[in-house]
Amino acid sequence: MNSLKGLGVCVVIAGIAYALTRVENIDQVILGASIAIIAVSLITYMASIRRRRRDHRVARSRRL
């Protein structure tokens, strides 16, 4: 297990907190981050559906 992994997470959180103190319009930053997170989640979900369908198709063709 990587013992520095927790330290890296703490550094990232501290960096985000510091950056947010320097931003004047925090509402737009939070909105942009939320939109980015939703977009990445949707893209990942759609890729998962495509992969599952392809796997099912391949499995059916091998059974025949």
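Check the entry above for the structure.
Residues numbered from 1 in each chain as written. Predicted model: local features only at pLDDT ≥ 70, side-chain atom pairs only at ≥ 80, totals over all residues. Heavy atoms only, no water.

Draft legend 1. Broad picture of the pattern of salt bridges. Applying the stated criterion to the full structure yields 1 salt bridge. Arg51 is paired through a salt bridge with Asp55; the nearest N and O atoms lie 3.4 Å apart. In this pair, Arg51 and Asp55 both sit in helix H2 (residues 26-63), 4 residues apart, roughly one turn of the helix. Using a relative accessible area of 37% as the deciding quantity, one classes Asp55 as partly exposed. (Salt bridge = Lys/Arg side-chain N within 4 Å of Asp/Glu carboxyl O. Helix = DSSP H or I, 4+ residues; strand = E, 2+ residues; numbered from the N terminus. Buried < 20%, exposed > 50% of the residue type's maximum accessible area, 1.4 Å probe, protein only.)

Draft legend 2. Representation of the environment of Arg62 within the structure. Structurally, Arg62 is set in helix H2. Between the alpha carbons of Arg62 and Val9 there is a distance of 44 Å; along the sequence they are 53 residues apart.

Draft legend 3. Up close: a nonpolar patch on the surface. A cluster of nonpolar side chains, Val12, Ile16, Leu20, Val23, Ile26, Val29 and Ile30, forms an exposed patch at the surface whose accessible area comes to about 510 Å². By the secondary structure assignment, Leu20 is in helix H1 (residues 5-22). You can call Leu20 partly exposed: its relative accessible area is 31%. (Patch = residues over 30% accessible without salt bridge, like charges linked within 9 Å, V, L, I, M, F, W, Y side chains within 5 Å. Areas by Shrake-Rupley, 256 points an atom, 1.4 Å probe, with all protein chains shown as cover.)

These values are about where atoms sit, not about what they do.
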